[in-house]
Amino acid sequence: MQAFDLELRAITEQVGDLGRRVGEQVANAVRALDLSDALLADEVRAGDEALDRDAERIENDAINLIARRQPLAVDLRHVMAALRIAANLERAGDLASNIAKRAIAVMPSRLPEGMLVGLHRMVELALSQLRDSLEAFGAQDAALAQQVLAQDATLDELHTALFRDIVQHMSAPGAKTLDMVHLLFVAKNIERIGDHATNIAENVVYLVSGPDNVPDRAKNDESSLLATLLPREAE
């Protein structure tokens, strides 16, 4: 049992480290967009491969632990939660890499400041969700995980508002439509990073309280309803 606990603790620490680095990747990708920093964007894209390898190592360690130790009940839930969380972090890292790719695509243009304000609000909330969900996993804190779940609807609302602003800006004289399309994808990627943080929080609730106590997720993202407002050249 002591050996099992040590191995499980090691996996939990690996997940926490992976999550910290994914958060850094997201922040750096958005910073590259802000500053039109191609070098930083390239660093984010290059770093994604290492995240993928580490996520795969966590998966292998968790599967091997199950095979060798055959944990039961809450211990098995802990290993399964680690597996799922690592998968969500790997996907969030992919989204950070995609944001960096979009940042390179719009260079050397600078995006309108009003658009960046809304984007920064989304990023701050998504990164807060990611940090809190990982802290909740490390501490097995279901109450903190529930707070992350409650924030998901707010991020959806911010995404819908920014989507509307971007679409309206596309119709303005002189607007760079292609840049705005890239910004739409960036905003969607950030909303999806928040979704992955919410998935992590749901896995914490699953770990602590069991599968029957994971709440249904409220969705307030209405951006798809605004898609008909897109100019034809942006479709």
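The rules we used
- Residues numbered from 1 in each chain as written.
- Predicted model: local features only at pLDDT ≥ 70, side-chain atom pairs only at ≥ 80, totals over all residues.
- Heavy atoms only, no water.
- Helix = DSSP H or I, 4+ residues; strand = E, 2+ residues; numbered from the N terminus.
- Buried < 20%, exposed > 50% of the residue type's maximum accessible area, 1.4 Å probe, protein only.
- Areas by Shrake-Rupley, 256 points an atom, 1.4 Å probe, with all protein chains shown as cover.
- Phe/Tyr/Trp six-rings, centres within 6.5 Å; stacked < 30°, edge-to-face > 60°.
- Lys NZ or Arg CZ within 6 Å of the ring centre and 35° of its normal.
- Core = buried A, V, L, I, M, F, W, Y, C linked by side-chain atoms within 4.5 Å.
- Contact = heavy atoms within 4.5 Å.
- Axes fitted to C-alpha atoms, helices over the stretch in contact; angles between N-to-C directions.
- Parallel < 35°, antiparallel > 145°, perpendicular 65-115°, else oblique.
- Left-handed = near helix turned anticlockwise from the far one by under 90°.
- Nonpolar A, V, L, I, M, F, W, Y, C, P; charged D, E, K, R; others polar.

(A) Spatial organisation of the overall build of the protein. Secondary structure assignment for the protein yields 6 helices and 0 strands. Of the regular secondary structure in the protein, the N- to C-terminal order runs α-α-α-α-α-α. Sorting the 235 residues of the protein into buried and exposed places 50% on the buried side. Accessible surface, the protein: about 11,300 Å² in total, of which carbon and sulfur atoms supply 50%.

(B) Inspection of the packing of aromatic side chains at higher detail. For the structure on display, the rule yields 0 aromatic pairs. The ring of Tyr 206 carries Arg 84 above its face, with NZ or CZ at 4.6 Å from the centroid. Cation over ring: Arg 102 sits above Phe 185, and NZ or CZ is 4.0 Å from the ring centre.

(C) Fine view of the nonpolar core. Core analysis: the largest hydrophobic core is formed by 72 residues, its most contacted members being Leu 89, Leu 119, Leu 183 and Ile 190. Put simply, the parts of the chain that give this core at least two residues each are helix H1 (2-35), helix H2 (38-69), helix H3 (73-106), helix H4 (113-139), helix H5 (142-170) and helix H6 (177-209). Once you skip the residues sitting within four places of it in the chain, Leu 89 turns out to touch Val 15, Leu 18, Gly 19, Val 22, Leu 130, Leu 134 and Ile 200.

(D) Structural context of unusual backbone geometry. Note that the residue after Met 107, namely Pro 108, is joined by a cis bond; omega there is 5°. Mapped onto the fold, Pro 108 is located in the loop between H3 and H4. The backbone of Ala 73 sits at a positive phi, close to 50°, despite the residue not being glycine. For Ala 73, the location among the structural elements is in helix H3.

(E) Focus on the packing of H4 against H5. Relative orientation of the contacting elements H4 and H5 amounts to 160°, with a least axis distance of 9 Å. In terms of axis orientation, H4 runs roughly antiparallel to H5. You can see that H4 and H5 cross each other, and the crossing is left-handed. Residues that form the contact of H4 with H5 fall into these classes: 13 nonpolar, 7 polar and 5 charged.

(F) View of the environment of Lys 101. Here Lys 101 shows up in helix H3. Taking C-alpha positions, Lys 101 is 8.6 Å from Ala 29, a pair spaced 72 residues apart along the chain.

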